[in-house]
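# Residue-level structure breakdown
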Amino acid sequence: MSTPLEKWVEKQAELAKPKRIYWCNGSDKEAKEIVEVGMQEEKINDYPVFTELNQKTWPNAYHHRSHPTDVARTEQLTFVCHPDKETAGPNNNWMHPDEAKRKLTKLSDGCMKGRTMYVLPYMMGHPDSPYSKACVQITDVSYVAVSMRIMTRLGSNVVKKIGNSENFVKGFHSVGDFDPNKRFIMHFPDERLVWSIGSGYGGNALLGKKCFSLRIASCLGLKEGWLAEHMVVMGVEDPQGKVTYIVAAFPSACGKTNLAMLQSTLPGYKIWTLGDDIAWLNVDSDGILRAINPETGYFGVAPGTSYKTNPNMMKTLKAGKFFPTLFTNTAIERDGNEPWWEGLDGAVPEHIIDWLGNKWTPETGTKAAHPNSRFTVSVYNSPTLSSEFDNPKGVPISAIIFGGKRTQLVPLVVESFNWQNGVFSGARMGSETTAAAMGLKAGVRRDPMAMLPFCGYNMGDYFKHWLNMGKKLKNPPKIFSVNWFRTDENGSFIWPGFGDNIRVLKWIIARVNNNAKAVSTPIGLVPNLDDLDTSGLNIPKKNLEKLFEVKIADWKDEIEDTGKFFEQFGKNIPIELKNELAELSKNLPQ
Ligand code: GTP
Ligand code: SPV
Ligand code: MN
């Protein structure tokens, strides 16, 4: 008798008609064989799926070129298929599940002809964690199979764990023929199913990541009383050795990975990394908010990563402990056969092949590495990995940070007055658009809690859920907003950022432990300039003041824009948030 899992796999194979079906066991040996297949047999756009990089300087590293039309998440082709549109909300593209399935069935018929169908059983979260979920993804490309091994706990033990149960999350993925017109990333929350076709890139294809761990998981969280968030999880150790755990949400390509691995410029402070992209937040039986990172890898932005900005990530990328480390759409330095990107340490090398495979020099006038080129690397390679990473219970959270890229308006750090006011500050978050998603208009877009592209249901209900979570907590974490990206009149960043962000964390932790004062403003509590540790920094006082300047006219525009954004959600927007908006408007000087 076959199990529900085996039956589901058989049914998918009948539709996709692969040459063969291969069940991955998650071993090292197997990963090496699959990379070999990617180098020798599989091709994308006439390039082998993998090429080997310099194993001496970059141990276990391989290069991958995606299809040139397939370089970032595609939000316009991403759908959440609840039975009714209102549940999906104005924040999601919606299609009726029946229509979506008809469309996908047609596109998937025979889509794996001549190819291998890899079956990937994996856990999101530690297998012993009460918060983890068993999942199975099907894919037809070695790159995705190997990436999932880095990003998740993949192995045959998950098949045993699922056993005869129907209780597993399903993901069907095929690169199809990469035709952007036949590309869809569809979610069926009621069935805990993701169906993705036509893209092999990141969040479109590694279905454990944004598709399951955020879009579907956010729906599960609403039902089951927890939160799935686009957040860093980290511990901050102070000079006395006390570790305070925090989570921080920033939109895509706005600094999560860099924050999660920060190398402190203040003596005695140390960061311990638990996650750089996704946090699942649960309330434990003592009323404490606990976070786990369901992933086991980093899929991080390459450009800008260097020994100067993120030395801990450079060490992670060079460690080569876990097989393999992948570089997608970076350039290649030809003489040494090493990955290269804009912002890497040292002079620009002489012989470079760009991400498209063409010879490149600075005079070419384009970027050598795609701005959304990325590395995929195991957390177990990381020198800053927290000793709590594999703790099935997760870590207790003392502070929540919301951030975005705002060259104007938003101060370096603001503490919310209370939980409700903090939820409001998250809900009105905005950020300037980046290269992490294709086809977005330049400028500021509202991106509540950095979840706009990832909340699998109506965000009005999501805000209510956040408010309710606060009521379940005995001592709710303090909520802060931060902005590293304010610029001066020349367009230069005022705040040095990166390792110096520890100075802001130091104040946040002092506030959490009632060891620092704050000044009240209409938008929240800000530090006394004397309480922000700027020792050794060369920032003139006038610039520091600029970092905290609250320009009333600009805030009035911001309030108006937030009001318009909230209106889209109609009756779903909680009255508490409308009240917060009215209160803020009233408290601004006329
Ligand atoms: P996703 O993986 O897309 O979710 O992105 P992320 O939020 O992890 O962003 P990441 O840390 O990769 O940073 C994205 C970009 O922001 C990179 O180009 C960084 O160099 C830049 N960046 C990160 N932190 C800072 C900072 O403190 N100051 C400045 N000026 N830039 C930063
Ligand atoms: C993001 O865009 O937030 C990412 C990259 O972390 S992706 O996996 O493509 O979603
Ligand atoms: Mn992300």
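See above for the structure.
Before going into details, it helps to say that this report is about the structure given with it.

The rules we used
Residues numbered from 1 in each chain as written. Chains lettered and ligands numbered in written order. Predicted model: local features only at pLDDT ≥ 70, side-chain atom pairs only at ≥ 80, totals over all residues. Heavy atoms only, no water. Helix = DSSP H or I, 4+ residues; strand = E, 2+ residues; numbered from the N terminus. Rg over C-alpha atoms; globule rule 2.2 N^0.38 Å. Buried < 20%, exposed > 50% of the residue type's maximum accessible area, 1.4 Å probe, protein only. Contact = heavy atoms within 4.5 Å. Areas by Shrake-Rupley, 256 points an atom, 1.4 Å probe, with all protein chains shown as cover. Phe/Tyr/Trp six-rings, centres within 6.5 Å; stacked < 30°, edge-to-face > 60°. Expected span 1.5 Å × (residues − 1). Arc of directions from axis to C-beta. Donors = N, O, S within 2.8 Å, 3.2 Å for Na, K, Ca; no water.

### Regarding the overall build of the protein
Looking only at helices and strands, the protein features 16 helices and 34 strands. By the compact-globule yardstick of 25 Å for 590 residues, the protein fits well, its C-alpha radius of gyration being 23 Å. Its C-alpha atoms put the protein at 70 × 55 × 45 Å along the principal axes. Residues counted as buried form 61% of the 590 residues belonging to the protein. For the protein, restricting intrachain contacts to residue pairs at least 6 apart in sequence, the fraction spanning at least 24 positions comes to 73%. Approximately 22600 Å² of the protein is accessible, and the part contributed by carbon and sulfur atoms is 50%.

### A closer look at the packing of aromatic side chains
Under the criterion given, the structure shown has 27 aromatic pairs. Judged by centre distance (5.7 Å) and plane angle (85°), the rings of Y380 and F389 are edge-to-face. When the centroid spacing of 6.2 Å and the interplanar angle of 75° are considered together, the rings of F463 and F569 count as edge-to-face. Separated by 106 residues along the polypeptide, F463 in helix α12 (residues 459-472) and F569 in the loop between α15 (552-567) and α16 (575-587) bring together distant segments of the chain. The two residues F463 and F569 agree in class, both being buried.

### Here we look at α16
Since one α-helical turn is 3.6 residues long, residues separated by three or four positions face the same way. Between the first and last C-alpha of α16 there are 18 Å, a value that for 13 residues agrees with the 18 Å anticipated at 1.5 Å per step. Those residues of α16 that sit buried are L577, E580, L581 and L584. Relative to the axis of α16, the buried residues are bounded by an arc of 100° and lie together on one face. Residues I575 and K586 are exposed on α16 and point more than 90 degrees away from its buried face. Contacts made by the buried residues of α16 are with α11 (419-427), α12 and α15.

### Let's talk about the coordination of the manganese ion (ligand 3)
Every protein donor of the manganese ion (ligand 3) is listed here as K210 (NZ), H230 (NE2) and D277 (OD), and their distances to the metal cover 2.1 to 2.5 Å. Read from N- to C-terminus, the donor residues coordinating the manganese ion (ligand 3) fall into the pattern K-x19-H-x46-D. Placement of the pair is K210 in helix α8 (residues 208-224) and D277 in the loop between β17 (270-275) and β18 (279-283), with a sequence separation of 67 residues. One exposure class covers both K210 and D277, and it is buried.

### As for unusual backbone geometry
At the junction of F323 and P324, the peptide bond is cis and its omega measures out at -15° in the coordinates. Residue placement: P324 occurs in the loop between α10 (311-319) and β21 (325-328). The backbone of F178 shows a phi angle near 60°, a positive value even though the residue is not glycine. Tracing the backbone through its elements, the reader meets F178 in the loop between β11 (169-174) and β12 (184-188). Positioned with a positive phi, N329 is a non-glycine residue whose angle comes to about 65°. In this structure, N329 sits in the loop between β21 and β22 (331-333). Look at N329 and you get buried, because its relative accessible area is 0%.

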